[in-house]
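Inside the fold
In case you want the letters, here they are:
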Amino acid sequence: MKKSIIRGSGFFVPPHIVTNEDLTQFMDTSDEWIRQRTGIHQRHWVTEEDMYGASDLGTHAARMALDKAGWGPEDLDFIIFATLSPDIMFPGGGCLLARNLELNATPALDIRQQCTGFLYGFATADSYIKSGLASKILLVGAEVHSTGLDKSTRGRDVTVIFGDGAAALCIEAVDTDENVGLIASALHADGHFAEALKTELPASNLIKRLPDGISTDDPRYFPFMDGPGIFKKAVRMLPKVTKEALEKAGLALSDVDLIIPHQANKRINQAYGQFLKLPEDKIFHNIEKYGNTTAASIPLALHEAIETGRIGKSGDVVLFTGLGAGLTWGASIYIFP
Ligand code: UT7
């Protein structure tokens, strides 16, 4: 049976670091508040000099992943690109990334699953592999949040948590009867909570996507988040979906070597760990350095966990989980070959 095996990972963040102290220059916040409430110390944001879109960050990450896999872009037979911050309204960032890689016929699929972009993307890659539709897939999560945030005090609850960044995986179809690769995914969505985390404009459900006479400071251009509401949902749903994925995989929590959760707020992941009675070192964090990079967050953490030797030995079991805009949430389990 065909299994989805990770052959290489890569990441890229724009060089400019924005500390919590830097944010106090243009909004009423403090390093103490941000560290205590979110665990974030700094994030990377693009600058005017960079001229990076999400697909550009993704291209850098993709090149690193391709190098690690020993593949050239022409080896790819499918590209999946996850983002909530596409370079332009359309075409999708996957096409732009493929162009950056100088490809001119490789299929490229964009997915808009926000914080669960990686979970949905990996499950999609696995389905393509299992069905024989593709055998060498590039999965990229990339976000440029900083150019779309409300940097006044009005937007401080949202703005302080988001960072720009990208991460990529090369995933290969391998014929084996061993219990390796992506062995289970549990995915969910509930659009009844779409209002809890959204950016409204531009909107195709309006007769004019950009209504006449509105100011560019209109809050509908900026992300809105019911932070405490999402927080409570995450703490409730993440343990539940973790158990669902474990059940699908036929594994116990004690079989898992490392949990890589979406990096939205360190307190969410700590509460999740307490609920499941997990030792602290079983949950991977890197939110302090990058903030919340949405679709890039889980693969970026995975890349670091592999590079630092925290995970990746044959037989190691890693569980991914996350919840975000949609609402969407999920968990998946991967066993290293
Ligand atoms: O990745 C997508 C999914 N998103 C998430 O998982 C995010 C989940 N939510 C969160 O991470 C947290 O709710 C936030 C970090 C967004 C906010 O933290 P909180 O502990 O829930 O704070 P709060 O919204 O309940 O606000 C508490 C107070 C308020 O002041 P008052 O009304 O008590 O006077 C806010 O105005 O903190 C104030 N506040 C801030 N103060 C300083 C909100 N943001 C800030 C800020 N700096 N950046």
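Residues numbered from 1 in each chain as written. Predicted model: local features only at pLDDT ≥ 70, side-chain atom pairs only at ≥ 80, totals over all residues. Heavy atoms only, no water.

1. Re the site of the ligand
Looking at the ligand, there are 22 residues lining it, with Thr 29, Arg 37, His 262, Asn 265 and Asn 292 nearest. Contact distances for the ligand include 2.8 Å between an oxygen atom and a side-chain N or O atom of Arg 37. Taking 960 Å² as the accessible area of the ligand by itself, protein coverage stands at 73%. Looking at the shell around the ligand, the element that brings in the most residues is helix 7 (residues 227-249), giving four residues. Of the residues contributing to the shell around the ligand, the split by class is eleven nonpolar, six polar and five charged. Residue-level mapping places the shell around the ligand at the junction of two domains, with at least three residues from each of domain 1 (2-175) and domain 2 (181-335). (Near = heavy atom within 4 Å. Polar contact = N/O pair within 3.5 Å; in protein donor to acceptor, adjacent residues only side chain to side chain. Areas by Shrake-Rupley, 256 points an atom, 1.4 Å probe, with all protein chains shown as cover. Helix = DSSP H or I, 4+ residues; strand = E, 2+ residues; numbered from the N terminus. Nonpolar A, V, L, I, M, F, W, Y, C, P; charged D, E, K, R; others polar. Domains from an automatic or database assignment.)

2. Considering the packing of aromatic side chains
Taken as a whole and assessed by the stated rule, the structure comprises seven aromatic pairs. Measuring from centroid to centroid gives 4.1 Å for Phe 78 and Tyr 128, while their planes differ by 25°, and the two rings are stacked. Remark: Tyr 128 occurs in helix 5 (residues 117-130) and Phe 78 occurs in strand 4 (residues 78-82); sequence separation between them is 50 residues. With relative accessibility at 7%, the residue Phe 78 sits in the buried group. Of the residues examined, Tyr 128 reaches a relative accessible area of 23% and is grouped as partly exposed. Between Tyr 334 and Phe 336, the aromatic rings sit 5.0 Å apart at their centres with planes inclined by 90°, giving edge-to-face as the arrangement. Here Tyr 334 matches Phe 336 in class, with each residue buried. Here the aromatic residues Phe 118, Phe 122, Phe 320, Tyr 334 and Phe 336 are joined through ring pairs into a cluster of three or more. (Phe/Tyr/Trp six-rings, centres within 6.5 Å; stacked < 30°, edge-to-face > 60°. Buried < 20%, exposed > 50% of the residue type's maximum accessible area, 1.4 Å probe, protein only.)

3. Points about the side chain of Thr 328
Within the secondary structure, Thr 328 sits in strand 13 (residues 328-335). Judged by relative accessible area, which is 3%, Thr 328 ranks as buried. Polar contacts involving the side chain of Thr 328 include one to the main-chain carbonyl oxygen of Gln 113, which spans 3.4 Å. From its side chain, Thr 328 meets the backbone oxygen of Ala 325 in a polar contact 3.3 Å long. When near neighbours in sequence (up to four residues on either side) are disregarded, Thr 328 contacts Gln 113, Thr 116, Tyr 120, His 188, Ala 189, Gly 322 and Leu 323. (Contact = heavy atoms within 4.5 Å.)

4. Side note on the pattern of salt bridges
By the definition in use, this model includes 15 salt bridges. Measuring nitrogen to oxygen at the nearest pair gives 3.7 Å for the salt bridge that ties Lys 313 to Asp 316. With relative accessibility at 57%, the residue Lys 313 sits in the exposed group. Under the relative-accessibility criterion, Asp 316 is labelled buried at 8%. The structure contains a network of salt bridges with shared partners spanning Arg 7, Lys 136 and Glu 172. (Salt bridge = Lys/Arg side-chain N within 4 Å of Asp/Glu carboxyl O.)

5. Regarding the packing of helix 3 (residues 54-69) against helix 4 (residues 93-100)
As a packed pair, helix 3 and helix 4 sit with axes 9 Å apart at the nearest point and diverge in direction by 55°. The orientation of helix 3 with respect to helix 4, classified from their angle, is oblique. For the pair helix 3 and helix 4, the sense of crossing is right-handed. On helix 4, the residues touching Ser 55, Asp 56, Gly 58, Thr 59 and Arg 63 of helix 3 are Gly 93, Leu 96, Leu 97 and Asn 100. (Axes fitted to C-alpha atoms, helices over the stretch in contact; angles between N-to-C directions. Parallel < 35°, antiparallel > 145°, perpendicular 65-115°, else oblique. Left-handed = near helix turned anticlockwise from the far one by under 90°.)

6. Concerning the domain arrangement of the chain
Under the domain assignment, the chain is made up of domain 1 (2-175) and domain 2 (181-335). Computed from C-alpha coordinates alone, the two centres of domain 1 and domain 2 are separated by 14 Å. In this complex, domain 1 contributes 51 residues to the contact, which on the side of domain 2 involves 49 residues. Buried area between domain 1 and domain 2, both sides added, is near 4000 Å², and the carbon and sulfur share of it is 65%. Interface area lost by domain 1 to domain 2 is led by Cys 115, Phe 118 and Leu 119, which between them contribute 17%. Run the count over domain 1 and domain 2 and you get two salt bridges. In this structure, the connection of domain 1 to domain 2 is made through 19 residue pairs in polar contact (both at pLDDT 80 or more). Listing elements by their share of the side of domain 1 that touches domain 2, those giving two or more residues are strand 1 (2-12), helix 2 (31-38), strand 3 (42-44), helix 3, helix 5, strand 6 (136-143), helix 6 (156-159) and strand 7 (165-175). (Buried area = accessible area lost by both parts, 1.4 Å probe.)

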